[in-house]
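Here is how the chains run, residue by residue.
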Amino acid sequence: DAGVIQSPRHEVTEMGQEVTLRCKPISGHDYLFWYRQTMMRGLELLIYFNNNVPIDDSGMPEDRFSAKMPNASFSTLKIQPSEPRDSAVYFCASSLTAANTEAFFGQGTRLTVV
Amino acid sequence: AQSVAQPEDQVNVAEGNPLTVKCTYSVSGNPYLFWYVQYPNRGLQFLLKYITGDNLVKGSYGFEAEFNKSQTSFHLKKPSALVSDSALYFCAVRERGGFKTIFGAGTRLFVKA
């Protein structure tokens, strides 16, 4: 398996624009996580899905953020409208069902909002 | 609420010397504990985990970690550091029965040749 695949790797957009980040989890993994990493706040869990269903979105910072998982092999994180403070590295990760299993991370999307 | 503390922002060690990266946690019950490593411009990579049993856990690249329940600690160790070990290290905790994993702030390890 190629691992967790995220696209794009880098995104530069203007304030107010819509941004969509994409993730393909590892095949067979039931859980998918979206994290945001910044210098100030470290690694924050935004939302996670189990079998394509959102389980906990308490980490989503504002209504401008939304995430979907239409099928087992694809998820999106959308920011609309984007703001400069959204600039961060966004990671997608996936894991197997058992709670004692580790997560596998993608390489991340570096988002810059100017 | 669960939390993880990595008290050192940075650890410096000479190549060949032993290294320790500290982690303490606060969570109800007996958690699952993880260490991950992040190299520049890369995602996090799993190093090792504690689930149950032996308090000393061995992982990838010669790393090991010691679980200490009384001190609620899970320090990462390596007997002999390599320059290539220089990276950002994250400790993480997850409550049993849940999937929400909380990460520490990270500790940057510098290994000098």
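Refer to the structure presented above.
Residues numbered from 1 in each chain as written. Chains lettered and ligands numbered in written order. Predicted model: local features only at pLDDT ≥ 70, side-chain atom pairs only at ≥ 80, totals over all residues. Heavy atoms only, no water.

A. Representation of the interface of chain A and chain B in the model. Taken together, the contact between chain A and chain B spans 24 residues of the former and 19 residues of the latter. Both sides of the chain A and chain B interface together cover about 1,800 Å² of buried area, and 54% of this is carbon and sulfur. Taken as a group, A99(A), N100(A) and E102(A) account for 28% of the area that chain A buries against chain B, more than any other trio of residues on that side. Where chain A meets chain B, there are 2 salt bridges. Here D56(A) makes a salt bridge to K100(B), at a shortest N to O gap of 3.5 Å. One can count 7 residue pairs in polar contact (both at pLDDT 80 or more) joining chain A with chain B. (Contact = heavy atoms within 4.5 Å. Buried area = accessible area lost by both parts, 1.4 Å probe. Salt bridge = Lys/Arg side-chain N within 4 Å of Asp/Glu carboxyl O. Polar contact = N/O pair within 3.5 Å; in protein donor to acceptor, adjacent residues only side chain to side chain.)

B. Spotlight on the sheet that holds strand β3 (residues 19-24) of chain A. All names here are of chain A. The strand order across the open sheet formed by 4 strands is β1-β3-β8-β7, and the pairing between neighbours is antiparallel. What marks the edges here is a single partner per strand, and that holds for β1 (5-7) and β7 (65-71). Mean inter-strand twist for the sheet, computed between neighbouring axes without regard to direction, equals 15°. (Pairing = 2+ DSSP bridges. Helix = DSSP H or I, 4+ residues; strand = E, 2+ residues; numbered from the N terminus. Axes fitted to C-alpha atoms, helices over the stretch in contact; angles between N-to-C directions.)

C. Local environment of the packing of aromatic side chains. Applying the stated rule across the entire model yields 16 aromatic pairs over all chains. Among the aromatic residues, ring-to-ring pairing joins Y31(A), F33(A), Y35(A), Y48(A), F91(A), F105(A), F34(B), Y36(B), F46(B), F90(B) and F103(B) into one connected group. (Phe/Tyr/Trp six-rings, centres within 6.5 Å; stacked < 30°, edge-to-face > 60°.)

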